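# Structure at a glance
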Amino acid sequence: MYTNNQAVLTWIDKMAALTKPDKIVWINGSEEQLEELRQEAYKTGELIKLNGEELPGCVYHRSALNDVARVEDRTFICCEKKEDAGPTNNWMDPAQMHKMLDEIYDGSMKGRTMYVIPYSMSIVGSPFAKYGIELTDSIYVVVSMAIMTRVGLDVYDALGDSPDFIKGLHAKADLDAEKRYIVHFPQENTIMSVNSGYGGNVLLGKKCFALRIASCLGRDEGWMAEHMLILGVEFPNGEIHYISAAFPSACGKTNLAMLIPPEGYQKAGYKVWTVGDDIAWIRPGPDGRLWAVNPENGFFGVAPGTSMKSNPNAMLSTRKNTIFTNVVLKPDGTVWWEGMDKNPPKGALNWKGEPWDPADGSKGAHPNSRFTAPARNCPCLSKEYDNPQGVPLDAMLFGGRRAKTAPLVYQSRDWNHGVFLGATVASETTAAATGAVGVVRRDPMSMRPFIGYHVADYWQHWIDMGRDPRVTKLPKIFHVNWFRTDDEGHFLWPGFGDNMRVLEWILKRCAGEVDAVETPIGYMPRPEDINLAGIEDEVSEDTLKELLTIDKDVWKAEAADIRTFFDQVGEGKLPKELSDCLETLENNLK
Ligand code: GTP
Ligand code: SPV
Ligand code: MN
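Definitions and cut-offs
- Residues numbered from 1 in each chain as written.
- Chains lettered and ligands numbered in written order.
- Predicted model: local features only at pLDDT ≥ 70, side-chain atom pairs only at ≥ 80, totals over all residues.
- Heavy atoms only, no water.
- Helix = DSSP H or I, 4+ residues; strand = E, 2+ residues; numbered from the N terminus.
- Rg over C-alpha atoms; globule rule 2.2 N^0.38 Å.
- Buried < 20%, exposed > 50% of the residue type's maximum accessible area, 1.4 Å probe, protein only.
- Areas by Shrake-Rupley, 256 points an atom, 1.4 Å probe, with all protein chains shown as cover.
- Lys, Arg positive; Asp, Glu negative; His and termini not counted.
- Charge placed at Lys NZ, Arg CZ, Asp CG, Glu CD.
- Near = heavy atom within 4 Å.
- Polar contact = N/O pair within 3.5 Å; in protein donor to acceptor, adjacent residues only side chain to side chain.
- Domains from an automatic or database assignment.
- Salt bridge = Lys/Arg side-chain N within 4 Å of Asp/Glu carboxyl O.
- Contact = heavy atoms within 4.5 Å.
- Nonpolar A, V, L, I, M, F, W, Y, C, P; charged D, E, K, R; others polar.
- Pairing = 2+ DSSP bridges.
- 1 Å grid on protein atoms, 1.4 Å probe; cavity = no way out; pocket = protein on both sides within 12 Å on 5 of 7 lines; lining within 4 Å.
- Points joined across faces, edges and corners; volume = space filled by probe spheres on them.
- Axes fitted to C-alpha atoms, helices over the stretch in contact; angles between N-to-C directions.
- Parallel < 35°, antiparallel > 145°, perpendicular 65-115°, else oblique.

Let us now look at the overall build of the protein chain. For the protein chain, the helix and strand inventory stands at 17 helices and 30 strands. Since a compact globule built from 590 residues should have a radius of gyration of about 25 Å, the 23 Å found for the protein chain is in line with a globular shape. With the principal axes as the frame, the protein chain shows a C-alpha extent of 65 × 55 × 45 Å. Across the 590 residues in the protein chain, those meeting the buried criterion constitute 61%. Surface accessibility of the protein chain: about 22600 Å² in total, with carbon and sulfur atoms responsible for 49%. Averaging the positions of the 63 positive and the 81 negative side-chain charges in the protein chain gives two centres separated by 1 Å.

Another point: the site of ligand 2. As a matter of local geometry, ligand 2 sits amid Arg 70, Tyr 198, Gly 200, Lys 206, Lys 207, His 227, Ser 249, Asp 278, Phe 300, Arg 370, Ala 432 and Phe 450. In this structure, an oxygen atom belonging to ligand 2 sits 3.3 Å away from a main-chain N or O atom of Gly 200. Surface burial for ligand 2 is 98%, taken as the share of its 290 Å² of free accessible area covered by protein chains. In terms of domain composition, the shell around ligand 2 takes at least three residues from each of domain 1 (6–45 + 70–221) and domain 2 (226–297 + 383–588).

Attention shifts here to the side chain of Glu 226. Position of Glu 226 among the secondary structure elements: in strand E11 (residues 224–226). One buried charged residue, Glu 226, remains without a salt bridge, the closest side chain of opposite sign being Lys 253 at 11 Å. Engagement of the side chain of Glu 226 in a polar contact is seen with the side chain of Tyr 458, the distance being 2.6 Å. If sequence neighbours within four positions are ignored, Glu 226 has contacts with Leu 211, Asp 278, Ile 279, Ala 280, Ile 282, Met 445, Met 447, Tyr 458 and Trp 462.

A few words now on the site of ligand 1. In the vicinity of ligand 1, 21 residues are found, and the nearest of them are Ala 250, Lys 253, Thr 254, Asn 255 and Arg 370. In this structure, Gly 252 approaches ligand 1 through a main-chain N or O atom, which is 2.9 Å from an oxygen atom. Between Asp 278 and ligand 1, the recorded distance is 3.1 Å, taken from a side-chain N or O atom to an oxygen atom. Considering ligand 1 on its own, with 660 Å² of exposed area, one finds that the protein chains cover 91% of that surface. Of all elements in the fold, only helix H9 (253–257) and strand E17 (298–302) reach the threshold of two or more residues within the shell around ligand 1. With three residues, H9 is the largest single contributor of residues to the shell around ligand 1. In terms of residue class, the shell around ligand 1 is made up of 10 nonpolar, seven polar and four charged. Of the residues that make up the shell around ligand 1, three or more belong to each of domain 2 (226–297 + 383–588) and domain 3 (298–377).

What follows is about the pairing of strand E13 (residues 240–246). Regular strands have side chains that alternate between both faces of the sheet. For E13, the buried fraction is high: five of the seven residues fall into the buried class. One ladder, built from six bridges, connects strand E12 (residues 229–234) with E13; its direction is antiparallel. Each bridged residue has a counterpart across the sheet, and for Leu 229 the counterpart in E13 is Ala 245. The turn joining E12 and E13, which pair antiparallel and follow one another in sequence, is formed by five residues; a positive phi near 95° is taken by Gly 238. As judged from the five bridges shared by E13 and strand E24 (residues 391–399), these two strands associate in the parallel manner. What sits directly across from Ile 243, in E24, is Ala 395.

Below, the discussion takes up empty space enclosed by the protein. The final tally for this structure, using the stated rule, is four cavities of 30 Å³ or more. Forming the boundary of the largest cavity are 15 residues, of which Tyr 410, Thr 424, His 479, Trp 555 and Glu 558 lie nearest the centre. The residue makeup of the lining of the largest cavity, split by class, is 10 nonpolar, three polar and two charged. A volume near 60 Å³ is recorded for the second largest cavity. Classifying every residue of the lining of the second largest cavity gives six nonpolar, five polar and two charged. Residues lining the lining of the second largest cavity come from more than one domain, with at least three contributed by each of domain 1 (6–45 + 70–221) and domain 2 (226–297 + 383–588).

What follows is about the packing of helix H12 (residues 415–423) against helix H17 (residues 576–588). Two elements in contact, H12 and H17, have axes whose closest approach is 9 Å; the angle formed by their N-to-C orientations is 85°. Judged by the inter-axis angle, H12 sits roughly perpendicular to H17. In this structure, H12 contributes Asn 416, His 417, Val 419, Phe 420 and Ala 423 to the contact, and H17 contributes Glu 577, Leu 578, Cys 581, Leu 582 and Leu 585. Looking at the contact of H12 with H17, its residues break down into seven nonpolar, two polar and one charged.

Put into structure tokens, the structure is as follows:
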């Protein structure tokens, strides 16, 4: 026992009485203790030690075959009133849910160990910091939380006697998909996850706490929890400007956060610095601007497609002390995934643990296979990463995978219109969640699976932040789309490092240094203002024009679809500012 905090002790006793573990181990965050646990997990096969020469400190992990992504249909927000969870969340009465869960958890840790993990989201003791304790029967969860969050005994010191921590209970139970539940009780600051061992369902500091619960805290306390990367663009004169960007799961946040500028930009002295790749907590600073921190401490990144070519900073982040989940395991104790290079290994095991023959056409790594890497490993980690105040935002970006509709980039007319752009984001679904892949759905602010309350109230919170007297200089809001395709389905825009060309236009707009064209949907670049130097062969003037074209008929259909969406989810609470924006859009398209 490392604390006398009664709220902590009483709750742990209660959870132990329910789950009945053979023993309880208090995690202190030390490397010695973590190494002991890894050794134990090597014996049971829960973890596999990787090649210590090539990948020092790295381990391999497989989750169960039916347990490889977030389960949105089994994720619940159990607030008192159903109408407060809104139409985008599953809801059940809290008492009824507790009753059902208690039966599932009852005795689920018999013969197992319960680990007590004290962790902080953002820097312990900082104004942004929020504390949590996760109880789990999985060593994989312990070692993952130790990478993804700040785990340590200083959390108990910072907490003192306060009951103000987020309670998280995770039990693997039988990994029965029919009894898998990821449940949030916002009014009890409690998260309960059972019958899963997949990252997003069980690393409770991440989506469950830092987005679903934190979005409720942000609404009540006047700040924002968003599914956003944070990056800094350094100009040749040394000035750094910060941007946050929300793209849905597996739609490019990690890649943009670690962008390497094209050669011409590098020669001129441009650099990009990573502050975060998935989650941003944002609040007004003393200067009237919005300041953002990354509450996490590591990257839980999509493996497939990550290569020394597409994202060398991510690759280099995974060369030590990293956990690889559901990728290909090579006979030499290293790892591989589709898109890493063009040489699929022979004699390797696929993500299921079966001998894998690349020639048979099957995928070796699961499309949602992931790496869990310490942020410290990242070569382009921002020097502000550890700044408890965070960084001031010049721009916020929204975007998604849209094959047609959305142009490469456009700017909102003002904050409320920017909220409209975020509220109406649509994107093709990906392998990050179970269910069909490639289906276009509305994903407001890329937060659809992560908003802990009614989506329309969440939009209202965004509108309210825009007129908060503490905020005197708001970031400018933009929409980007790296995924527009031609008629054969090829991407029109090279993306990745070349996205720097779009960031440059965005920051010039923020500085008032470049004009724009007013269009029915917002401000768009003049084609000559997007720098194509060095990619003229790949992106012709005609291609750029196409990327910056909006088809009126397509947009009329889009506006109609937005109206349907607003009707479905508004439930009489749709902020007037958003319905006004929709009317303006419809009129502009006439
Ligand atoms: P989560 O961790 O699930 O939240 O995902 P993410 O938003 O961080 O996505 P990530 O950066 O991992 O990218 C997911 C997939 O999109 C990868 O397969 C990338 O190769 C691909 N991708 C990322 N950026 C671009 C881009 O600019 N253009 C294209 N065409 N693909 C991209
Ligand atoms: C996402 O799906 O947006 C992720 C991975 O970042 S998970 O932690 O599973 O949510
Ligand atoms: Mn994410």
